[in-house]
Amino acid sequence: MLIFSEQAYAREKKTLEKKIIREAEKLEREMWHFGNQIFYCEKDAIKAMEKFKKGYKLHNISGTVSCVDKHASRGKPKKGAEKVLVGYKVEAFFERDNVEIERILNRKGRFILATNNLDTESYKNEQILEEYKEQQNVEGGFRFLKDPWFMVDSIFLKLPKRIEALMMIMTLTLLVYNVGQYRLRQQLKMQKTTVPNQLGKRVQNPTLRWIFQIMEGIGTVHFYDESLSRVIKEVVTNINAIRKKIIYLFGETAVKIYGLIPKTQMEGLGM
């Protein structure tokens, strides 16, 4: 299936335009130097011209070979002294190769999707494209595993079975991460509310990594009874308004873990 994307086409066309401009600027510099070269014969000048053309794909280069005549002796020439042929040079010109540029543009914004599932009735083209787009979320997740913030590079493992075990834990961690992020975003949309992102903008699609950073600083205070030799009370500290909102968005289990009053009880108390 051949896919055409207008967004990708516009992006790739813009990149191509920049490339054309850079090539034109380079051509102007190189052509000045090339035009000042002296060749011993006309054949060498033509050969050099053909070689010069090969380095540029987006412009048409043409030129004419002309003779270079100079006086044989140095200094001011005598009256009536004739010039002698000392070589040949190329006067070159260039312009955009619109035919080649159009050919390149005709391939921009297009890509091919293929599958070995040949059941066209139950596996429609739209579904193939949708699943292709969804794989970016998976790739993005594994990119997160490579992030220095994940600190995987701080772990050294020698045995293959331990490396495999770590990969299993990382994949499971990624699964939990994505489930948590999905549930949070789902609740934000259902409740028609938002949380601030890194720039302070109110959004409904925060990353769970950013939520982790918001939740940093929360601690617990343990009240210890020496007579009983045990902790009799535990209080979670540093729960501000935005952190409380996030906890409620994650549901009753999270509310219980952080020791907050469930919303149903809050409503019953008139809070």
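Structure shown above.
Here's what I pulled together on the structure shown here. All values reported here derive from a predicted model rather than from experimental measurement.

Here's the deal with the overall build of the protein chain
Along its length, the protein chain carries 9 helices and 8 strands. Computed over C-alpha atoms, the radius of gyration of the protein chain comes to 35 Å, more than 25% over the 18 Å expected from 2.2 N^0.38 for 271 residues, which places it beyond the range of a compact globule. Dimensions along the principal axes, computed over C-alpha positions, put the protein chain at roughly 125 × 60 × 50 Å. Long-range contacts, defined here as pairs at least 24 residues apart, represent 54% of the contacts in the protein chain between residues at least 6 apart. Accessible surface, the protein chain: about 21000 Å² in total, of which carbon and sulfur atoms supply 54%. When the 47 positive and 33 negative side-chain charges of the protein chain are each reduced to one mean point, those points stand 5 Å apart.

Quick notes on helix α7 (residues 241-249)
By the burial criterion, the buried members of α7 are Arg243, Ile246, Ile247, Tyr248 and Leu249. Phi turns positive, to about 105°, at Gly251, one or two residues after α7.

Some details on the pairing of strand β8 (residues 230-237)
One ladder, built from 7 bridges, connects strand β7 (residues 219-225) with β8; its direction is antiparallel. Directly across from His222, in β8, lies its bridge partner Glu234. What sits between β7 and β8 in their antiparallel hairpin is a turn of 4 residues, with Ser229 showing a positive phi close to 55°.

Details of a positive patch on the surface
Taken together, the side chains of Lys43, Lys47, Lys51, Lys54 and Lys57 define a basic patch exposed on the protein surface. Along the chain, Lys47 turns up in helix α2 (residues 42-53).

Observations concerning the environment of Glu50
Position of Glu50 among the secondary structure elements: in helix α2. Separated by 11 residues in the primary sequence, Glu50 and Ile61 place their C-alpha atoms 9.2 Å from one another.

A look at the pattern of salt bridges
Counted under the stated rule, the structure contains 4 salt bridges. Residues Glu100 and Arg103 are paired through a salt bridge, measuring 2.8 Å at the closest nitrogen-oxygen approach. You can see Glu100 and its partner Arg103 sitting in helix α3 (residues 98-105), 3 residues apart, about one turn around the helix. Two residues, Lys124 and Glu121, come together in a salt bridge whose shortest N-O distance is 4.0 Å. On the accessibility criterion, Lys124 (40% relative accessible area) is partly exposed.

The rules behind the values
Residues numbered from 1 in each chain as written. Predicted model: local features only at pLDDT ≥ 70, side-chain atom pairs only at ≥ 80, totals over all residues. Heavy atoms only, no water. Helix = DSSP H or I, 4+ residues; strand = E, 2+ residues; numbered from the N terminus. Rg over C-alpha atoms; globule rule 2.2 N^0.38 Å. Contact = heavy atoms within 4.5 Å. Areas by Shrake-Rupley, 256 points an atom, 1.4 Å probe, with all protein chains shown as cover. Lys, Arg positive; Asp, Glu negative; His and termini not counted. Charge placed at Lys NZ, Arg CZ, Asp CG, Glu CD. Buried < 20%, exposed > 50% of the residue type's maximum accessible area, 1.4 Å probe, protein only. Pairing = 2+ DSSP bridges. Patch = residues over 30% accessible without salt bridge, like charges linked within 9 Å, V, L, I, M, F, W, Y side chains within 5 Å. Salt bridge = Lys/Arg side-chain N within 4 Å of Asp/Glu carboxyl O.

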